[in-house]
Amino acid sequence: MRSNSSDSSATAEKLDFVRQIVAGDVAVGKNDGRVHTRFPPEPNGYLHIGHAKSICLNFGIASEYPRGLCNLRFDDTNPSREEMEYVESIKEDVKWLGWDWEDRLYFASDYFEQLFEYAVQLIRQGAAYVCDLTAEETRAYRGTLTEPGRESPWRNRSAEENLDLFQRMRNGEFADGSRTLRARIDMASPNLNLRDPVIYRIMRASHHRTGDAWCIYPMYDFTHGLCDSIEGITHSICTLEFEHHRPLYDWFLEQLGVFHPQQIEFARLNLTYTVMSKRKLLQLVRERLVDGWSDPRMPTLCGLRRRGCTPRAIRSFCGRIGVTKYNSMTDITLFEHALREDLNQCAPRVMGVLRPLKLVIENYPEEQEEELTAINNPEDEAMGTRQLPFCRELYIERDDFLEDAPKKFFRLSPGREVRLRYAYLVTCTAVVKDQAGEVVEVRCKYDPESRGGNAPDGRRVKGTIHWVSARHAATAEVRLYDRLFKCEDPDRTEPGRDFRDNLNPNSLEVLRECRLEPGLREAKAGTTYQFERLGYFCLDSEDAAPDRLVFNRTVGLRDSWAKIANKR
RNA sequence: UACCCCAUGGUGUAAUGGUAGCACAACAGGUUUUGGUCCUGUUAGUCUUGGUUCGAAUCCAGGUGGGGUAGCCA
């Protein structure tokens, strides 16, 4: 197993508890020293950042051992809610994250025949029986959290009768839901999972892979461990809610005497200012509270991708959050940090003006144009330079001009001098206002000796602002995304309200008259750019067209001026 | 009011019987042609009560708090 990057998360010294278990097993030669994990999604929804944690754990651990392997296996035992569309999107997302299952793509449905044989074996051993109770009756017989259950009247059928009935279930002789195959364990167990759990149900639903070949489908608990066993999985890593299922996981493997992988549970990822449950994400999509699964505000991998997040940043994040059994809430700022850290390293720098304010250089000749050299990435000299057109009329950011500026405001203001990045020093000489008193134009004079931005006499100019040539600029729509929810824990609500009441009404701001440096007309999809002094942006993969520039803000730059300004 | 799991600065995580460390966040300063990056510093923690021990975040017992479990879902 290989990651196609070198940033594998685990360091040699500090292993999380899962990696410690794996390392300990390898050290004592358990499983002949093999390390084999799997990522087992159900194809009934889109992957999100929480899945990325699991993916990076499973594929990551495998990648840390010379002969380590990780399978991609779809847990497709419930045809009523699974679809091929999800299979494809999940494969795409895992690949995008940078992991490779090589030739080990599996489906639980690949094993249906073998699973059936295992069930037959259990019946022969007296460890499973066909039960005629209805769903409601089964529930009633199960008991409650505080009271033991009662044994089904069908619990003591002979193996012969059970075998016959189970075969006839498969043959389609019985109605949906009329019978089940159940494990014969202990109706009084304090662990409800052990109260004779259902292992096969009758369900006439067309399966996305097996079609109508089956009308009985195995349940998760029975299927999962046996699939792990068949594939020779050594460490079956899953989330905490399966902890109570482990005794059952072990029970099936012991009853059948097959290879016994070890199930290890860890805490799933929770992030502030978002929700992670499939149900809630689906609700946001269905109720059109977001623009589909790939809405850049969604924590889905397709949403993060569309937003401009890099797989490297996501992997780096997954490497820092740790793996424990503690039910934590990770601060979204840690993700934003990982994102900025990666983007700072790789994002090409460009200039773009989001809220344009015209700036006219009065002493710059009307017809004159020139090209100025700009650095593409100060963090990476190999990325080279580019030429920027410059002329008499420019656009600057509205926020970079203030008529009555406080002392600590280092930008443009009447009488003050600033540097136009990579261009010239300019001094504001006048402003033009409309009838409403709004500043609509700034007038300046420039110092012709300061080409490139350096003062000939060495005078200090504190402020540097970005700009674009009015004559050459490309017009674009820019979508400023913010956190989807307005509070850290959207699920924490007053009675009678739910997470939807905590949606951030300002999570999207659309700016339609942005002006970008001309080179951005050829912006590449899949590249995230840094708009200098503003943040990271990428071309929208769904709404941009050759004649229509649409950019999404991935994340803003840290903004210490905003902090100062907010304090005032 | 059953059973299971968990508890270290604001957040996330190390320390596996021997100096409580790292990252994020926050705050302060330095460098800077991005108020970015980078660098330096500051604030701040072992849930509680007992016990074992020369020594406890770590082991034991009780308490408190949080999470999970009653699908023919996964």
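Residues numbered from 1 in each chain as written. Chains lettered and ligands numbered in written order. Predicted model: local features only at pLDDT ≥ 70, side-chain atom pairs only at ≥ 80, totals over all residues. Heavy atoms only, no water.

Caption draft 1: Structural detail: the overall build of chain A. Helix and strand content of chain A: 13 helices and 25 strands. By the compact-globule yardstick of 24 Å for 568 residues, chain A is too spread out, its C-alpha radius of gyration being 31 Å. Dimensions of chain A, computed from the C-alpha atoms along their principal axes, are close to 100 × 50 × 40 Å. Looking at chain A as a whole, 53% of its 568 residues qualify as buried. For chain A, the proportion of contacts with a sequence separation of at least 24, taken over those separated by at least 6, is 71%. (Helix = DSSP H or I, 4+ residues; strand = E, 2+ residues; numbered from the N terminus. Rg over C-alpha atoms; globule rule 2.2 N^0.38 Å. Buried < 20%, exposed > 50% of the residue type's maximum accessible area, 1.4 Å probe, protein only. Contact = heavy atoms within 4.5 Å.)

Caption draft 2: Broad picture of the protein's contact with RNA strand B. Taken together, 71 residues sit near RNA strand B, with Gln20, Thr77, Gly452, Gln530 and Arg533 positioned nearest. A share of 62% of the atoms of RNA strand B within 4 Å of the protein falls on sugar and phosphate groups. A distance of 3.4 Å separates a sugar or linking oxygen of RNA strand B from a polar atom in the side chain of Arg81. Residue assignment for the surface near RNA strand B shows that the elements contributing at least two residues are helix H5 (135–142), strand E6 (198–202), helix H12 (332–346) and helix H13 (560–567). When its residues are assigned to classes, the surface near RNA strand B shows 21 nonpolar, 25 polar and 25 charged. (Near = heavy atom within 4 Å. Polar contact = N/O pair within 3.5 Å; in protein donor to acceptor, adjacent residues only side chain to side chain. Nonpolar A, V, L, I, M, F, W, Y, C, P; charged D, E, K, R; others polar.)

Caption draft 3: The pairing of strand E15 (residues 393–397), seen in detail. Counted residue by residue, E15 has four buried out of five residues, so it is predominantly covered. Pairing of strand E12 (residues 356–361) with E15 involves five bridges; the strand directions are antiparallel. For Leu357, the partnering residue across the bridge sits in E15 and is Ile396. Of the pairings in the sheet, the one linking E15 to strand E20 (residues 467–469) comprises three bridges and is antiparallel in character. (Pairing = 2+ DSSP bridges.)

Caption draft 4: Examining the sheet that holds strand E3 (residues 105–107) more closely. Within the open sheet, the three strands sit side by side as E1-E2-E3. Their pairing is parallel. The sheet is open, and its two borders are formed by strand E1 (36–39) and E3, each paired with just one other strand. Averaged over all pairs of adjacent strands, the angle between their axes in this sheet comes to 35°, without regard to strand direction. Sheet topology places E1 next to strand E2 (residues 69–74); four bridges connect them, and they run parallel. Bridging across to E2, His36 finds its partner in Leu69. Sheet strands touched by helix H2 (residues 49–63): E1 and E2. Its angle to E1, the strand with the most contacts, is close to 160°. Against the sheet, helix H3 (residues 84–97) contacts E1, E2 and E3, and its axis sits at roughly 160° relative to E2. (Axes fitted to C-alpha atoms, helices over the stretch in contact; angles between N-to-C directions.)

Caption draft 5: Representation of the packing of aromatic side chains within the structure. Going through the model one piece at a time under the given rule, you end up with 23 aromatic pairs. Relative to Phe166, the ring of Phe116 lies with its centre 4.7 Å away and its plane at 15°, an arrangement referred to as stacked. With Phe116 in helix H4 (residues 112–124) and Phe166 in helix H6 (residues 159–171), this residue pair connects regions lying 50 residues apart in the sequence. Residue class for Phe116 comes out buried when judged on its relative accessible area of 2%. Look at Phe317 and Phe335: their rings are 5.2 Å apart centre to centre, the planes differ by 80°, and that puts the pair in the edge-to-face class. (Phe/Tyr/Trp six-rings, centres within 6.5 Å; stacked < 30°, edge-to-face > 60°.)

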